[in-house]
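Overview (structure and organization)
What follows is each chain in one-letter form.
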Amino acid sequence: KKALRCYIEAYDNKRPSGNSVDLAKAYLNAILSIQEKAEWDSVDILNYDSLSSYLAAHKDTPYFDQLEDAMWDIVKYETTDIYLVSRFAEDMHKCGRTSKHISEAEKIISVHKDWKVVQSNPTLESVHKYWMEHKDGVYAKDALYLSGYDALEKIPEFAEGLFQIQ
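1. Section: the packing of helix 5 (residues 82–95) against helix 6 (residues 102–120)
In contact at an axis separation of 9 Å, helix 5 and helix 6 are set at 140 degrees when each is read in the N-to-C sense. Classified by the interaxial angle, the pair formed by helix 5 and helix 6 is oblique. Crossing handedness for the pair helix 5 and helix 6: left-handed. Between helix 5 and helix 6, the contacting residues are Ile82, Val85, Ser86, Phe88, Ala89, Met92 and His93 on the first element and Ile102, Ala105, Glu106, Ile108, Ile109 and His112 on the second. In terms of residue class, the contact of helix 5 with helix 6 is built from 9 nonpolar, 3 polar and 1 charged.

In C-alpha cells, the structure reads:
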C-alpha cells in the first residue's frame, strides 16, 4: 500500500509516457476495499462500541446502511438509556452521513428531557399534560404511576390508560 501511494504521489501530476498511475490507483483501491471488507467482517454487530469504532474509522464505508441499522437495533431496545440514544445521535452527526434513524433518536431525547422536567416537579397537572402528549412514549407507564392513585379518580384518562398498558 505504501509503495503504491508513494508512486501515485510522485507521478500523479507528472504523466510521462509509460506512466502507470491509473493502474496503481486501481490496485490501491482494490487493496483498500479488501482491507475494509475484512475489517467490517471482524466487527461485532451486537456490540455498540465495536460498531461506533468502525464508523469513526470508516465514515465513508459502503456498509453504512448495515452499520446504522445494527447500531439502531441496539439503541431501540435501550430507549430509556438516554446516554446510548444521545451517543447514537452524536455518532451519526459526526460521520456526516444522512441517518434514517436520527429523527427517532432526537424524538426520544426530547421526550426524555420533557420527562425529566415532570419528574423534577410532579404535580398532577404536569404529569397529566405529559401523559396526554406522550401516551405511547417510553415513560407513559411511569407517568401513570407517578401521578398516584388519587389521580385515577380525578382524571378518567389515567384510569383508562393504566388499564390499556397492563
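Next comes the rest of the description.
2. Section: the packing of helix 3 (residues 48–57) against helix 5
At their nearest, the axes of helix 3 and helix 5 sit 10 Å apart, and the two run at 15 degrees to each other. Between helix 3 and helix 5, the crossing angle belongs to the class labelled roughly parallel. Both helix 3 and helix 5 take part in a crossing whose hand is left-handed. For the pair helix 3 and helix 5, the contacting residues are Tyr48, Asp49, Ser52 and Leu55 in the first and Leu84, Arg87, Phe88, Asp91, Met92 and Cys95 in the second. For the contact of helix 3 with helix 5, the per-class residue count stands at 6 nonpolar, 1 polar and 3 charged.

3. Let's talk about the pattern of salt bridges
Within the structure shown, the criterion is met by 6 salt bridges. Here Lys100 makes a salt bridge to Asp69, at a shortest N to O gap of 3.2 Å. With Lys100 in the loop between helix 5 and helix 6 and Asp69 in helix 4 (residues 64–76), this pair connects stretches of sequence that are 31 residues apart. According to the relative accessible area criterion, Asp69 is partly exposed, its value standing at 26%. For the salt bridge of Lys94 with Glu90, the shortest nitrogen-to-oxygen distance reads 3.1 Å. One end of the pair, Lys94, and the other, Glu90, are both in helix 5, 4 residues apart, so they sit about a helical turn from each other. Taking relative accessible area as the criterion, Lys94 reaches 56% and is therefore assigned exposed. On the basis of relative accessibility, which here comes to 44%, the residue Glu90 falls in the partly exposed class.

4. A word on helix 6
A rise of 1.5 Å per residue sets the reference length of helix 6, with its 19 residues, at 27 Å; its end C-alpha atoms lie 27 Å apart and thus fit the reference within 8%. Turning to helix 6, its buried residues are Ile102, Ala105, Ile108, Ile109, Val111, His112, Trp115 and Val118.

5. Describing helix 5
Taking 1.5 Å of rise per residue, the 14 residues of helix 5 would be expected to cover 20 Å, and the 20 Å separating its terminal C-alpha atoms lies within 8% of that figure. Turning to helix 5, its buried residues number three or more, namely Leu84, Val85, Phe88, Ala89, Asp91, Met92 and Cys95. Buried residues of helix 5, viewed axially, fall in a sector of 160 degrees; they line one side. Every exposed residue of helix 5 that faces more than 90 degrees away from the buried side is listed here: Tyr83, His93 and Lys94. If you follow the buried residues of helix 5, they end up packed against helix 3, helix 4 and helix 6. At the exit of helix 5 stands Gly96, carrying a positive phi of roughly 75 degrees.

6. Side note on the packing of aromatic side chains
Inspection of every chain in the model, using the stated rule, returns 5 aromatic pairs. Aromatic pair Trp40 and Tyr54: ring centres 5.2 Å apart, planes at 55 degrees, arrangement tilted. Note that Trp40 is positioned in helix 2 (residues 21–41) and Tyr54 in helix 3, a separation of 14 residues in sequence. Summarising the burial analysis for this pair, Trp40 and Tyr54 share the class buried. Aromatic side chains Trp40 and Tyr63 sit 5.5 Å apart centroid to centroid with 5 degrees between the ring planes, which places their arrangement in the stacked category.

Thresholds applied
Residues numbered from 1 in each chain as written. Predicted model: local features only at pLDDT ≥ 70, side-chain atom pairs only at ≥ 80, totals over all residues. Heavy atoms only, no water. Axes fitted to C-alpha atoms, helices over the stretch in contact; angles between N-to-C directions. Helix = DSSP H or I, 4+ residues; strand = E, 2+ residues; numbered from the N terminus. Parallel < 35°, antiparallel > 145°, perpendicular 65-115°, else oblique. Left-handed = near helix turned anticlockwise from the far one by under 90°. Contact = heavy atoms within 4.5 Å. Nonpolar A, V, L, I, M, F, W, Y, C, P; charged D, E, K, R; others polar. Salt bridge = Lys/Arg side-chain N within 4 Å of Asp/Glu carboxyl O. Buried < 20%, exposed > 50% of the residue type's maximum accessible area, 1.4 Å probe, protein only. Expected span 1.5 Å × (residues − 1). Arc of directions from axis to C-beta. Phe/Tyr/Trp six-rings, centres within 6.5 Å; stacked < 30°, edge-to-face > 60°.

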